[in-house]
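The residues making up each chain are set out below.
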Amino acid sequence: MQDNLRDLLTRGIAAAKAGQAEEARFFLEWLQRNDPPLAELVDAWYWLSVVSPDPGQRRRCLEEVLARDPANP
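Rules and cut-offs
- Residues numbered from 1 in each chain as written.
- Predicted model: local features only at pLDDT ≥ 70, side-chain atom pairs only at ≥ 80, totals over all residues.
- Heavy atoms only, no water.
- Axes fitted to C-alpha atoms, helices over the stretch in contact; angles between N-to-C directions.
- Helix = DSSP H or I, 4+ residues; strand = E, 2+ residues; numbered from the N terminus.
- Parallel < 35°, antiparallel > 145°, perpendicular 65-115°, else oblique.
- Left-handed = near helix turned anticlockwise from the far one by under 90°.
- Contact = heavy atoms within 4.5 Å.
- Nonpolar A, V, L, I, M, F, W, Y, C, P; charged D, E, K, R; others polar.

Undergrad: It is not clear to me how the packing of helix α3 (residues 38–51) against helix α4 (residues 55–68) should be interpreted in this structure. Could you clarify?
TA: How two helices sit against one another is set out by the angle between their axes and by the gap between those axes. Between α3 and α4, the least distance of the axes is 8 Å, while the angle of their chain directions is 160 degrees. Comparing their axes, α4 and α3 come out roughly antiparallel. Crossing of α3 against α4: the hand is left-handed. Two secondary-structure elements touch here, α3 through L38, L41, V42, W45, Y46, L48 and S49 and α4 through R58, R60, C61, L62, E64, V65 and R68. Considering only residue class, the contact of α3 with α4 consists of nine nonpolar, one polar and four charged.

Written out as structure tokens, the structure reads:
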């Protein structure tokens, strides 16, 4: 199961870097629904902030990152 979750994160990040926001959102939200480990969850929230077109949504995603990992830069 852990490899599957890592694969979802990897695909989401790759899509985000390629500018494919909808595809990135699909993989990252799928990851979130599967109760990932904290590190993967924090990464998913961060990358969701990157692909979000709405400033309010971006802020919410980044607040989720900090709520789960207050030391995150």
